[in-house]
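# Structural characterization, general
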Amino acid sequence: MASSEQIKVTQDLLARAHSPDSANRIYSDKIQYRTLQLKPTSPPPAALNARAARHRARQQEKLRGKQRPKPLSARERRQLGLYDIPKEGQRYETFEGLNKLWMGYAMEILGNDVYTGGPLAAAKLASAEFHGAEAEVVRSRCPGRVGLKGIIVRDRKFVVELVTRKRGLKVIPKEGTVFRVEVSVPQQSGDAPEQFAFEVYGDQMMLRSADRANRKFKSHFLKNV
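The paragraphs below set out a description of the structure included in this document.

Rules of the game
- What you see as residue numbers is a count from 1 along each chain, following the sequence as written.
- Restriction of local features to residues with pLDDT of at least 70 applies here, the model being predicted, together with a cutoff of 80 or more for giving and counting side-chain atom pairs; totals for whole chains, interfaces and linings are based on all residues.
- Side-chain measures here rest on the full set of heavy atoms in the structure, leaving out hydrogens and waters.
- Whether two aromatic rings pair depends on their centres lying within 6.5 Å, for rings of Phe, Tyr and Trp, where Trp uses its six-membered ring; planes under 30 degrees apart make the pair stacked, over 60 edge-to-face, and the rest tilted.
- Each helix is a run of DSSP H or I of at least 4 residues and each strand a run of E of at least 2, with the numbering of both proceeding from the N terminus.
- Partly exposed describes any residue whose relative accessible area lies between the buried limit of under 20% and the exposed limit of over 50%, with all areas from a 1.4 Å probe on protein chains only and scaled to the type maximum.
- A cavity here means a set of points on a 1 Å grid, drawn over the protein atoms and nothing else, where a 1.4 Å probe fits but cannot get out; a pocket is an open set with protein on both sides within 12 Å along at least five of seven lines, and a residue lines either one if it has an atom within 4 Å of a point.
- Grid points are joined across faces, edges and corners, and a volume is the space filled by probe spheres set on the points.
- Here the term charged refers only to Asp, Glu, Lys and Arg, the term nonpolar to Ala, Val, Leu, Ile, Met, Phe, Trp, Tyr, Cys and Pro, and the term polar to all other amino acids, Gly among them.
- When DSSP finds two or more bridges between a pair of strands, those strands are recorded as paired.
- What we call a nonpolar core is a set of buried Ala, Val, Leu, Ile, Met, Phe, Trp, Tyr and Cys residues that are connected through their side-chain atoms within 4.5 Å.
- Here, residues are in contact when the closest pair of their heavy atoms is within 4.5 Å.

### Things to note about the packing of aromatic side chains
Under the criterion given, the structure shown has two aromatic pairs. Centroid distance tryptophan 102 to phenylalanine 130: 6.3 Å. Interplanar angle 25°. Geometry classified as stacked. Of this pair, tryptophan 102 sits in helix H5 (residues 96-110) while phenylalanine 130 sits in the loop between helix H7 (119-126) and strand S1 (134-140), and the two are 28 residues apart along the sequence. On the accessibility criterion, phenylalanine 130 (5% relative accessible area) is buried. Here the aromatic rings of phenylalanine 196 and phenylalanine 198 are separated by 6.0 Å at their centres, their planes lie at 40°, and the arrangement is tilted. The residues phenylalanine 196 and phenylalanine 198 share a single accessibility class, namely buried.

Structure below.
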């Protein structure tokens, strides 16, 4: 119910625009006994609380995003030794399973070219992944490295890390080195598998394996190493 002050304000406003008789009639007919429907102009308290909760959640998510540590750079990963193989893990037997997986991978990418060889097989092998392949150093500027044989556990940009049977982990520079890699080819007749051997020139492999996968290699003259 309206207070006396509100009634007086309403009557004064009507008196400004109408005659006294008209103002009294309008007030009694249209205002005095008429129900005024009021609608809330603000959301209910529950909605306000939910909105505030969502706002707090967004702010907390932003803070967590700012506090999230940056990913390590390549230099920091090297300094921390994240990719270094511990001394107790530098055993040939540990990586024999990886070598078997690589054999299946090599047969898959070579397909029927493994039986014929040629430039097409060489192009596929040039861009292949060599982690897990068993490689032997057949030529090197350092005579002491010739004959080293082991499983490739890290194919880095400038060096290859081999785990040998008797001498543990060896780091072999790619420059001036030729590696011999063999793939066991099963025979349809059921005989013992034959060895498909190919040579990899380290000078032409001085790329990271991920970059080498998308590079096209062209045949050209190479100096003897």
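This is not the end of the story, as more comes after the structure.
### Some thoughts on the layout of surface pockets
In this approach the atoms are scanned with a rolling probe the size of a water molecule, which exposes any empty space left behind. Computed from the structure, the second largest pocket encloses a volume of approximately 500 Å³. Considering the residues around the second largest pocket, the lining is formed by 14 residues, among which Tyr83, Arg154, Arg156, Lys157 and Arg208 are closest to the centre. Looking at the lining of the second largest pocket, the elements with two or more residues in it are helix H4 (74-80) and strand S2 (149-155). Considering only residue class, the lining of the second largest pocket consists of five nonpolar, two polar and seven charged.

### Some thoughts on the pairing of strand S5 (residues 177-185)
Sheet analysis places S1 next to S5, joined by five bridges and oriented antiparallel. Looking at S5, one finds that serine 140 is bridged to threonine 177. Sheet topology note: the S5/strand S6 (residues 194-201) ladder contains eight bridges and is antiparallel. Paired with valine 185 across the two strands is glutamate 194, which belongs to S6.

### Side note on the nonpolar core
Formed by 24 residues in total, the largest nonpolar core has its most connected members in Trp102, Phe130, Val181, Phe196 and Phe198. Sorting the residues of this core by element identifies H5, H7, S1, strand S3 (159-164), S5 and S6 as the ones contributing at least two each. Residue contacts for phenylalanine 198: discarding those within four places in its chain leaves Trp102, Leu125, Phe130, Phe179, Arg180, Val181 and Val183. With six residues, the next largest nonpolar core counts Tyr92, Phe95, Ile151 and Val163 among its residues.

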